[in-house]
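Residues per chain, in single letters:
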Amino acid sequence: MAPTLSRKDSLDYISEEKTPFARERSSSQDSMMSAQSSQDGPQESQLVTRLINAAYIGLNTLSTVAIVFLNKIIFKDPQLKHCQVSTAMYHFTMTFLVLLACSSHPTYRLFNATRLPLTPLLPISLFFASSIVLSNLSLTFNSVGFFQLTKILTTPCVVLLQYLMFRITTNRMRLIAVGACCFGVAMTNTKQAITNPIGAIIATAAFSITALYQLYIGRQMKVLGASAPVLLLNQAPVSVVVLAFVMPWMDRMPDFATIPSSSIMAFLVSGLVAAMINYSQFMIIGRTSPLTFNIVGMAKITFVLVLSYFFEDASFSLIEVGGILLALSGTWLYGQYPDAKAVPSVVVASPSESADELRYREDHEEEMSELSFVSSNEKTKETA
């Protein structure tokens, strides 16, 4: 008669005999637990994290304000106004060159450049190119007021898509904060909103693709195990190539000899500013979440409006003032509650793990989790 194995012995057999990578996984879990315990240690680390996040948010806000005023100078010229895609190509080219310089200097290297596979970069690049094209089309088929209103819908679209695609939930208070931000920014939009069926479809596609672009930035960082600057360094040239196929159909080649020197200078400087915007965007999404980046965007809109009041002699109605206060209140409320949490995520292979090992780990994930639970109970009993 064959000997019978207890449940614990069966689990030990699964982990030790059939899974040669179980020990590696166990050590990985131990290192993750030790890292977690170090995070739960001194409060100074949390303070430093908040200060770093605030620094990136500040960099993104200041560079966005700068690009707004630069774009007013650039697109005041009628020729450059019809070069939206070419401008985006220039901005991402400058982003690539700036990041390449920051990763190439032997003494002042800010990060180590790593070449990522092309296949995972294509969805991000296609989403980025599509958002640029659809935004330009939306501005063509809709009024400026309707275009600005639909851009606000990117934030609730992120909330919906991150739940449908990745099962990431958002707590009730943060949903209230998101609603306050969106409604407050909408109140500041005093331009007339005019659209048509085709324009409405294009506008919906534009903010949906923009939301997907932001979600996939955070997703691919986790799947590829890449830092924000590494992912941006690899994505930027791919996006430029994708936009190159669209540019001849969307832009008109300008005569630079007839463009004022102030517009040319503003165009050149905008490349460096755009590099800071792109870098800080990836850092904010990577360190926090796409939803947090959208809330930062709401705060930036109100900040630009307040600056326009001081520097452009703009006047606000009571509705606009109420909208600014409501948006800022929503931003404050959002920051008082923790980030959204996801349900158990997809099992991702490590670089040294074969396809068969990954498939086996996916099939036996439940047994492995139960094994970890049994082991922890055994350790607890021994300690007691």
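Residues numbered from 1 in each chain as written. Predicted model: local features only at pLDDT ≥ 70, side-chain atom pairs only at ≥ 80, totals over all residues. Heavy atoms only, no water.

For the rest of this paragraph, the subject is the overall build of the chain. For the chain, the helix and strand inventory stands at 15 helices and two strands. Scored against the burial criterion, the 384 residues of the chain give a buried share of 40%. Intrachain contacts of the chain at a sequence separation of at least 6 include 87% that bridge at least 24 residues. (Helix = DSSP H or I, 4+ residues; strand = E, 2+ residues; numbered from the N terminus. Buried < 20%, exposed > 50% of the residue type's maximum accessible area, 1.4 Å probe, protein only. Contact = heavy atoms within 4.5 Å.)

Before going further, it helps to spend a moment on helix α13 (residues 318-335). With 18 residues, α13 should cover 26 Å at 1.5 Å per step; its first-to-last C-alpha distance of 26 Å lies within 8% of that length. Those residues of α13 lying buried are E320, G323, I324, A327, G330, L333 and Y334. Here the buried face of α13 lies against α8 (172-187) and α12 (290-311). (Expected span 1.5 Å × (residues − 1).)

So, about the nonpolar core. Counting residues in hydrophobic clusters, the biggest one holds 58 residues, and the most contacted among them are F92, Y213, I217, L231, L243 and F282. Setting aside its immediate chain neighbours within four residues, L231 contacts L116, L121, I124, I217, Q220, M221, L224 and F282. If you look at the next biggest cluster of nonpolar residues, it comprises twelve residues, including I74, I259, F267 and I277. (Core = buried A, V, L, I, M, F, W, Y, C linked by side-chain atoms within 4.5 Å.)

Moving on, we get to the packing of helix α10 (residues 228-250) against helix α11 (residues 261-287). Remark: α10 packs on α11, axes separated minimally by 9 Å, with the N-to-C direction vectors making an angle of 130°. Relative to α11, the element α10 lies oblique. For α10 against α11, the interelement crossing comes out right-handed. Residues A228, P229, L231, L232 and Q235 of α10 lie in contact with α11, whose contacting residues are N278, Y279, F282 and M283. Along the lines of polarity and charge, the residues of the contact of α10 with α11 split into seven nonpolar, two polar and no charged. (Axes fitted to C-alpha atoms, helices over the stretch in contact; angles between N-to-C directions. Parallel < 35°, antiparallel > 145°, perpendicular 65-115°, else oblique. Left-handed = near helix turned anticlockwise from the far one by under 90°. Nonpolar A, V, L, I, M, F, W, Y, C, P; charged D, E, K, R; others polar.)

Backbone geometry at R167 places phi at a positive 55°, although glycine is not the residue there. Tracing the chain through its elements places R167 in the loop between α7 (154-166) and β1 (168-169).

What follows concerns the confidence of the model for the chain. In the predicted model, the chain carries a mean pLDDT of 80, and 76% of its residues have values of at least 70. Low pLDDT, under 50, characterises residues 4-44; the predicted model gives this stretch 34 contacts beyond four residues in sequence or across chains. Confidence drops under a pLDDT of 50 for residues 342-384, and excluding neighbours within four residues, the segment shows 46 contacts in the predicted structure. (pLDDT = per-residue confidence, 0-100.)

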